Amino acid sequence: GNSVTQMEGPVTLSEEAFLTINCTYTATGYPSLFWYVQYPGEGLQLLLKATKADDKGSNKGFEATYRKETTSFHLEKGSVQVSDSAVYFCALPNAGNMLTFGGGTRLMVKP
Amino acid sequence: KAGVTQTPRYLIKTRGQQVTLSCSPISGHRSVSWYQQTPGQGLQFLFEYFSETQRNKGNFPGRFSGRQFSNSRSEMNVSTLELGDSALYLCASSLRRGRHDEYSTDTQYFGPGTRLTVL
């Protein structure tokens, strides 16, 4: 089945720094790709998604581009804020309505 | 529109007991999926219910079961609890329209989770 690998954390940045969280996938075709975010004590929230190659998903200043050549969907943000501190998960579909998630990357932003 | 709700938010049980968790999906959503989140194993898919039928199941023992009611609300049950069942249990709802395979799926909306502690 499809699988996804993302960089381990934690990632610690100062406020207004540039963020990149790497995500690569393994799949037989070109699945939809997702980034979810989990704030402390909460469930997962969909951050952005892309449904086909070269699509760019964006939301709240975050962006990720679906790159089939490198099988990647890296998450980026130009200027992080303390409020962005959370755990970020890359995900893709498998059989049925099932999502397979990466291991999660914890981001800590210091003022 | 109200989001996905899960009850209870926190549970403490002892080994050998059983537990039932509840999930109410977003109004109009007919699919409910359950995931287990632990520090060691991460997020793992348990099962999905759609139209009161289990449609997909993850690699968990038979102690984990679920059901869905006609109003799309879902419950999951864990019998004979073990220490390793301590986890955050998340449910997600979706419309379940269109393709659902290894390439595409509906956007899933997650609830806040139920934190289960087994002592």
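Anything mentioned here points back to the structure above.
The structure reproduced in this document is the subject of the present report.

About the thresholds
Residues numbered from 1 in each chain as written. Chains lettered and ligands numbered in written order. Predicted model: local features only at pLDDT ≥ 70, side-chain atom pairs only at ≥ 80, totals over all residues. Heavy atoms only, no water. Helix = DSSP H or I, 4+ residues; strand = E, 2+ residues; numbered from the N terminus. Rg over C-alpha atoms; globule rule 2.2 N^0.38 Å. Buried < 20%, exposed > 50% of the residue type's maximum accessible area, 1.4 Å probe, protein only. Contact = heavy atoms within 4.5 Å. Areas by Shrake-Rupley, 256 points an atom, 1.4 Å probe, with all protein chains shown as cover. Lys, Arg positive; Asp, Glu negative; His and termini not counted. Charge placed at Lys NZ, Arg CZ, Asp CG, Glu CD. Pairing = 2+ DSSP bridges. Axes fitted to C-alpha atoms, helices over the stretch in contact; angles between N-to-C directions. Core = buried A, V, L, I, M, F, W, Y, C linked by side-chain atoms within 4.5 Å. Buried area = accessible area lost by both parts, 1.4 Å probe. Salt bridge = Lys/Arg side-chain N within 4 Å of Asp/Glu carboxyl O. Polar contact = N/O pair within 3.5 Å; in protein donor to acceptor, adjacent residues only side chain to side chain.

1. So, the overall build of chain A
Right, so step 1: The number of helices and strands found in chain A is zero helices and twelve strands.
Right, so step 2: For chain A, whose C-alpha radius of gyration is 13 Å, the value lies close to the compact-globule estimate of 13 Å for 111 residues.
Right, so step 3: Considered along the principal axes of its C-alpha atoms, chain A spans approximately 40 × 30 × 20 Å.
Right, so step 4: Counting all 111 residues of chain A, 50% fall into the buried class.
Right, so step 5: Put simply, 55% of the contacts in chain A that link residues at least 6 apart link residues at least 24 apart.
Right, so step 6: In the form shown here, chain A has an accessible surface area of approximately 5,000 Å², with 49% of it arising from carbon and sulfur atoms.
Right, so step 7: Taking the average place of the 9 positive charges on the side chains of chain A and the average place of its 10 negative ones, the gap between the two points comes to 4 Å.

2. Overview of the side chain of Lys77(A)
Residues and elements named next belong to chain A.
Right, so step 1: Mapped onto the secondary structure, Lys77 falls in strand 9 (residues 75-77).
Right, so step 2: Assessed through its relative accessible area of 10%, Lys77 is described here as buried.
Right, so step 3: Other than its neighbours up to four places away in sequence, Lys77 contacts Ala17, Phe18, Leu19, Lys60, Gly61, Phe62 and Asp84.

3. Digging into the sheet that holds strand 3 (residues 19-24) of chain B
Residue and element names in this part refer to chain B.
Right, so step 1: The four strands lie next to each other as 1-3-8-7, forming an open sheet whose pairing is antiparallel. Two strands lie at the open edges of the sheet, namely strand 1 (5-7) and strand 7 (64-68), each paired on one side alone. If you compare each strand with its neighbour and ignore which way they point, the axes differ by 20° on average.

4. So, the nonpolar core
Right, so step 1: Ranked by internal contacts, the top residues of the largest apolar core, which has 26 residues, are Leu19(A), Trp35(A), Leu47(A), Leu48(A), Phe73(A), Leu75(A) and Tyr88(A).
Right, so step 2: Elements with a contribution of two residues or more to this core: strand 2 (11-14), strand 3 (19-21), strand 4 (23-26), strand 5 (33-38), strand 6 (44-50), strand 8 (62-65), strand 10 (86-93) and strand 12 (105-110) of chain A.
Right, so step 3: Excluding anything up to four places from it in sequence, Phe73(A) contacts Cys23(A), Leu33(A), Phe34(A), Trp35(A), Leu48(A), Lys49(A), Ala50(A), Ala64(A), Thr65(A) and Tyr66(A).
Right, so step 4: Ranked by size, the runner-up nonpolar core spans 21 residues in total, among them Leu21(B), Val78(B), Cys91(B) and Leu116(B).

5. A look at the sheet that holds strand 9 of chain A
To summarise the sheet geometry, strands pair through backbone hydrogen bonds and adopt either a parallel or an antiparallel arrangement.
All names here are of chain A.
Right, so step 1: In space, the four strands of this open sheet follow the order 3-9-8-7, with antiparallel pairing throughout. On the outer flanks of this sheet lie strand 3 and strand 7 (56-59), each paired with one strand and no other. Sheet twist, expressed as the mean angle between neighbouring strand axes with direction ignored, is 20°.
Right, so step 2: Sheet analysis places strand 3 next to strand 9, joined by three bridges and oriented antiparallel. Directly across from Ile21, in strand 9, lies its bridge partner Leu75.

6. Some points on the interface of chain A and chain B
Right, so step 1: With 24 residues of chain A in contact, the opposing surface of chain B contributes 25 residues.
Right, so step 2: Interface area, chain A with chain B, both sides summed: about 1,900 Å², of which 51% is carbon and sulfur.
Right, so step 3: Where chain A meets chain B, there are zero salt bridges.
Right, so step 4: Across the chain A-chain B interface, the total number found is five residue pairs in polar contact (both at pLDDT 80 or more).

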